[in-house]
Amino acid sequence: MLRSPTYEDVRDAAVRIASHANRTPVLRSRRINEELGADVVFKCENFQRMGAFKFRGALNALSLFTPEQRRAGVVTYSSGNHAQAIALAARLLDIPATIVMPHDAPSSKVEATRGYGGQVVVYDRYTEDREEIGRALAAERGLTLIPPYDHPDVIAGQGTAAAELFEEVGDLDALFVPLGGGGLLSGTTLSARALSPGCALYGVEPEAGDDGRRSLIQGSIVHIDTPRTIADGAQTQHLGVHTFEIIRREVDDILTATDAELVEGMRTFGTVMKIVVEPTGCLGLAAARKSPERVRGRRVGVVVSGGNVDLARYAALLTS
Ligand SMILES: *Cc1c(COP(=O)(O)O)cnc(C)c1O
């Protein structure tokens, strides 16, 4: 098994990705501060290249390929943002990329992945096992598999977003982080424990897919069927071995948000802050709103994880 990543790995990743990745803005809103009675900072990864934090982990992982791995290429499976991230990072590093994507992934994400030069292989997310398909392609074609979250180099890359946040704003009392398979949350945890050790850490997942919350309670990784939620970036069926190890040790709690609460978040981001955030990117704000006891009178961070949503779908969600 690969070794567990540390904050040192996050710092190395930050240096490795610096020339290609955006240092994303930290935004504040008076209206939201008043509503929550808190001092809230938003780390806006919707302004990351390709529109989500996943570019960080993908670029870090591919940058560590040997010359042979680079020549043969990378394969991955993803519901969207990791696919685009791998495709873009691979193009920048001149590595061929094969991406296994669900048949019902948002069309903007499939098109963007193809646009970045990725070769897309489609599967049915409700009946087929994407991990098996990815492993088979890797074995047949000699490709290196970079999974969306359960990999030390991916985790270390994702941790660079929170590292930038703490460098910019100093200590926080609490930080709310969207949670799918846990790459973002575990990487964030490495940075938080090094840079703001007293900060309470909350993962936030869709209520329809609360496997992470149940895993923490049970003390082992809970597997579920693909949850039906508008938060397509967090439709994962289980945490990873690496991500769970870090999360169980350091994360204070895992909270949930409903689809309706995510839509309210999209509306707030759009109307109050004038930014387009995809449903999954609203998990942190939704949970902060439901947790006055964790937020009131405190310095609170919210990771806005991505902004990739078809405009037609965005409009439909906001008017439904
Ligand atoms: C992938 C993704 C997540 C979840 O990240 P994990 O590392 O799988 O926990 C959250 N938000 C967005 C926008 C994503 O693309």
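Everything below is about the structure shown above.
Here is what the cut-offs are and how they apply
Residues numbered from 1 in each chain as written. Predicted model: local features only at pLDDT ≥ 70, side-chain atom pairs only at ≥ 80, totals over all residues. Heavy atoms only, no water. Core = buried A, V, L, I, M, F, W, Y, C linked by side-chain atoms within 4.5 Å. Buried < 20%, exposed > 50% of the residue type's maximum accessible area, 1.4 Å probe, protein only. Helix = DSSP H or I, 4+ residues; strand = E, 2+ residues; numbered from the N terminus. Contact = heavy atoms within 4.5 Å. Near = heavy atom within 4 Å. Polar contact = N/O pair within 3.5 Å; in protein donor to acceptor, adjacent residues only side chain to side chain. Areas by Shrake-Rupley, 256 points an atom, 1.4 Å probe, with all protein chains shown as cover. Nonpolar A, V, L, I, M, F, W, Y, C, P; charged D, E, K, R; others polar. Disulfide = S-S within 2.5 Å. Arc of directions from axis to C-beta.

Undergrad: Please provide a residue-by-residue account of the nonpolar core, values included.
TA: One broad rule of soluble globular proteins: the nonpolar side chains tend to lie buried together. Grouped together as the largest cluster of nonpolar side chains are 37 residues, with contacts concentrated most on Phe42, Phe176, Leu262 and Phe269. Sort the elements by how many residues they give to this core and helix α13 (residues 283-290) lands first, with five residues. With sequence-adjacent residues up to four places away left out, Phe42 is seen in contact with Pro25, Val26, Leu27, Ile32, Phe269, Met273, Leu285, Val302 and Val304. Ala21, Val74, Ile99 and Ile146 belong to the second-largest nonpolar core, a separate cluster that totals 27 residues.

Undergrad: Kindly report on the site of the ligand, identifying the contributing residues and their values.
TA: Residues in close proximity to the ligand total 15 residues, the closest being Lys54, Asn81, Gly180, Gly182 and Ser305. Between Asn81 and the ligand, the recorded distance is 2.8 Å, taken from a side-chain N or O atom to an oxygen atom. In the environment of the ligand, an oxygen atom lies 2.8 Å from a nitrogen or oxygen atom belonging to the backbone of Gly181. When isolated, the ligand has an accessible area of 380 Å², and the protein chains bury 98% of it. Tallied by class, residues from the shell around the ligand come to four nonpolar, nine polar and two charged.

Undergrad: Describe the state of the cysteines, with residues and values.
TA: Under the defined criterion, the tally for this structure stands at zero disulfides. Distance from the sulfur of Cys44, which forms no disulfide, to the nearest cysteine sulfur (Cys282) is 11 Å. Of all cysteine sulfurs in the structure, the one in Cys44 sits closest to Cys199, which takes part in no disulfide; the separation is 17 Å. Under the relative-accessibility criterion, Cys199 is labelled buried at 1%.

Undergrad: With reference to specific residues and values, describe helix α10 (residues 211-218).
TA: Within an α-helix, residues lying three or four positions from one another point in the same direction, as the helix has 3.6 residues per turn. Among all positions of α10, only Asp211, Gly212 and Ser215 are buried. Looking straight down α10, one finds its buried side chains confined to an arc of 100 degrees; they lie on one side. Residues of α10 that are buried in the fold lie against β8 (200-206), α11 (241-250) and β9 (253-257). Just past α10, the residue Gly219 takes up positive phi, approximately 85 degrees.

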